[in-house]
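Reading the structure
Here's the letter readout for the chains.
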Amino acid sequence: MLDRMKVLILYPTENQASLIKGCVDNLHFKGIKTFALNKNTWDYYTLDSTEFRTVINHLERWRLIMHSPIAQKIVFHSYYLLSKSIGSIFGDFDVVDYNFYSDVIYDKLIVYGKNVGIKQVISFWGSDFYRVSDSTKERRRKYIDLIDAIHLETINVKNDFLNYYNDYITKIKVCNYGIGLFNQIDELVNTRKSIDRNKFYGCNVDGKIIITCGYNARKGQQHELMIRALEMLDDSVKEKIHVVFPMTYASDDSVRADVEKELDSVNFSYTCMTRLLSLEELALLRMNSDIYINMQISDSFSSSTMEYFYTGNIIIIGEWLPYKFLKSEYGIDYTETSKSQLTRNLTSVISDIKNKKDCAAKNKPIVRLLCSWSNVSERLCSMYMELTPYQYKQ
């Protein structure tokens, strides 16, 4: 195990809390004392509360300040105060890992961290690289110069990153995150737990092929593109399907309203999942789907997509998305499609659903090897170890 290494993980949104918790738990069991902090809400998580008592006391004092409406205005509108307050705990850590490069607070913290000599990592999640302007990428260059490692999830993202910056090859570490929902899925499979599908989807889906489109309510999912492709299916095919639109997470009310308006005139049965789901319900959503479509504008290595792989879904992915390495390097089965060929590819898959499902079932052990925390945490440990003098105990 590792000796006394302490890592601070910063992240910006509650949507990432579950993954971050899994990261903290698994690093803890590898011997790394890890503390995760949501830089916007000041919520924190650790399994080493005693070790980080000073840090927690500091954060609790700031939490009291934040509860004052007047103080909130001062704090939240002052990047200087926010970065100074968070930066003041850096001395309790060996490494700080900035997850999802999102705003100028990270910029100020990176400068502070460089000045105090702490090792620093930026972990890009995908959209924080792919969906930002070139001017933002250029502004970040001087801060990337200061950090010690760049954490990217796949070789494809690494290549895109290098193609843009033409630099930093020695700083880049490639390692995906683990997926905690796998354990929940396995437990449900082992206990043979099932659901009333008609109740779950809110209508009669007996004998229907369940098709899931995307995984959240963001515009980048390109729901309208998928809806148009589904509507172009032959009527005889549409009679066989029920389409699910998960609109719960990263919910944008305007996007959801647009999708529901688009669905008003379609000639196939569908469900918009809008209520918050428990982890068990989320696992059951994946397990009860037959076909999953990912046509996002951009993506890197979506946990949701890998969960659909893991549950034996037939996967259809936009040909522009960086998943080719799954097929070329790991032999994972899925269908690539252009926008114009989505209807044709759907028709082909549905007409050969049994054989396609048999092929998709073979993905599970490969995906587990690639994405289970038991395998991934070792690689994360190695990334942090390379930045510090700590070594494994023999």
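A brief report on the enclosed structure follows.

What counts and how
Residues numbered from 1 in each chain as written. Predicted model: local features only at pLDDT ≥ 70, side-chain atom pairs only at ≥ 80, totals over all residues. Heavy atoms only, no water. Helix = DSSP H or I, 4+ residues; strand = E, 2+ residues; numbered from the N terminus. Rg over C-alpha atoms; globule rule 2.2 N^0.38 Å. Buried < 20%, exposed > 50% of the residue type's maximum accessible area, 1.4 Å probe, protein only. Lys, Arg positive; Asp, Glu negative; His and termini not counted. Charge placed at Lys NZ, Arg CZ, Asp CG, Glu CD. Axes fitted to C-alpha atoms, helices over the stretch in contact; angles between N-to-C directions. Parallel < 35°, antiparallel > 145°, perpendicular 65-115°, else oblique. Left-handed = near helix turned anticlockwise from the far one by under 90°. Contact = heavy atoms within 4.5 Å. Pairing = 2+ DSSP bridges. Polar contact = N/O pair within 3.5 Å; in protein donor to acceptor, adjacent residues only side chain to side chain. Phe/Tyr/Trp six-rings, centres within 6.5 Å; stacked < 30°, edge-to-face > 60°. Lys NZ or Arg CZ within 6 Å of the ring centre and 35° of its normal. Salt bridge = Lys/Arg side-chain N within 4 Å of Asp/Glu carboxyl O.

All right, on to the overall build of the protein chain then. When helices and strands are tallied, the protein chain shows 20 helices and 13 strands. Compactness check: the protein chain gives a C-alpha radius of gyration of 22 Å against a globular reference of 21 Å for 394 residues, within 12% of the reference. Viewed in the frame of its principal axes, the protein chain has a C-alpha envelope of about 65 × 55 × 45 Å. For the protein chain, the proportion of its 394 residues judged to be buried stands at 53%. Here the protein chain holds 49 positive side-chain charges and 48 negative ones, and the gap between their average locations is 3 Å.

In this section: the packing of helix α9 (residues 181-190) against helix α15 (residues 303-310). Across the interface, α9 lies against α15 with an axial gap of 10 Å and an inter-helix angle of 25°. It follows that α9 is roughly parallel to α15 by the angle criterion. You can see that α9 and α15 cross each other, and the crossing is right-handed. Between α9, through Leu181, Phe182, Ile185 and Asp186, and α15, the contact on the second element is made entirely by Met306, Glu307 and Tyr310.

Spatial strand order, β10-β9-β8-β11-β12-β13: six strands in an open sheet with parallel pairing. Looking at which strands have only one partner, the edges of the open sheet turn out to be β10 (269-273) and β13 (335-337). Each adjacent strand pair in this sheet contributes to an overall mean axis angle of 20°, direction not counted. Where strand β12 (residues 314-318) lies against β13, three bridges are found, and the strand directions are parallel. Bridged to Ile317 within β13 is Glu336. Contacting β8 (209-213), β9 (241-246) and β11 (291-294), helix α11 (residues 223-231) crosses the sheet at an angle of about 175° to β9.

Our focus in this paragraph is the side chain of Thr34. Inspection of the secondary structure puts Thr34 in strand β2 (residues 33-38). At 3.1 Å, the side chain of Thr34 forms a polar contact with the backbone oxygen of Ile32. If we skip the residues at most four places from it in the chain, Thr34 touches Val7, Ile9, Val24, Leu27, His28, Tyr45, Thr46, Asp48 and Phe52.

This next bit is on helix α8 (residues 155-165). Here α8 has its buried residues at Asn156, Val157, Phe161, Leu162 and Tyr165. Where α8 is buried, its residues touch α6 (127-130), α7 (134-144), β6 (149-152), β7 (172-174) and α16 (324-330). Once α8 ends, the next one or two residues include Asn166, with phi positive near 50°.

Right, let's talk about the packing of aromatic side chains for a bit. A complete count under the given rule lists 23 aromatic pairs for this structure. Relative to Phe93, the ring of Phe35 lies with its centre 6.3 Å away and its plane at 55°, an arrangement referred to as tilted. Of this pair, Phe35 sits in strand β2 while Phe93 sits in the loop between α4 (79-87) and β4 (95-99), and the two are 58 residues apart along the sequence. We note that Phe35, like Phe93, is buried. Taking 4.8 Å as the distance between ring centres and 40° as the angle between the ring planes, the aromatic pair formed by Phe161 and Tyr165 counts as tilted. In this pair, Phe161 and Tyr165 are both assigned in helix α8, four residues apart and thus about one turn of the helix distant. Assigned by exposure class, Phe161 and Tyr165 land together as buried. Through successive ring pairs, a cluster of aromatic residues spans Tyr98, Tyr101, Tyr106, Phe124, Phe129, Tyr130, Phe161, Tyr164, Tyr165 and Tyr168. Lying over the aromatic face of Tyr164, Lys137 brings its terminal NZ or CZ to 5.5 Å of the ring centre.

Tallying each qualifying case throughout the model produces 18 salt bridges. Put simply, Asp235 and Lys238 hold a salt bridge, and the shortest N to O gap is 3.5 Å. Of this pair, Asp235 and Lys238 are both found in helix α12 (residues 235-238), three residues apart, which corresponds to roughly one turn of the helix. Given the relative accessible area of 47%, Asp235 is considered partly exposed. The partner of Glu307 in a salt bridge is Arg286, with the nearest N and O atoms 2.8 Å apart. One end of the pair, Glu307, is in helix α15; the other, Arg286, is in helix α14 (residues 279-287), with 21 residues separating them in the sequence. Using a relative accessible area of 4% as the deciding quantity, one classes Arg286 as buried. Here the salt bridges share partners, and the residues they tie into one network are Asp186, Lys364 and Arg368.

So, on to the pairing of β8. The side chains of a regular strand alternate between both faces of the sheet. Buried residues dominate β8, accounting for five of its five residues. Side chains Ile209, Ile211 and Cys213 of β8 all project onto a buried face; the interleaved residues Ile210 and Thr212 project onto the opposite face, where all are buried too. Two strands pair when backbone bridges link them, and β8 and β9 are joined in this way by four bridges, in the parallel orientation. Its bridge partner lying in β9, Thr212 is registered against Val244. Direction of pairing for β8 relative to β11: parallel, over a ladder of three bridges. What sits directly across from Thr212, in β11, is Tyr292.

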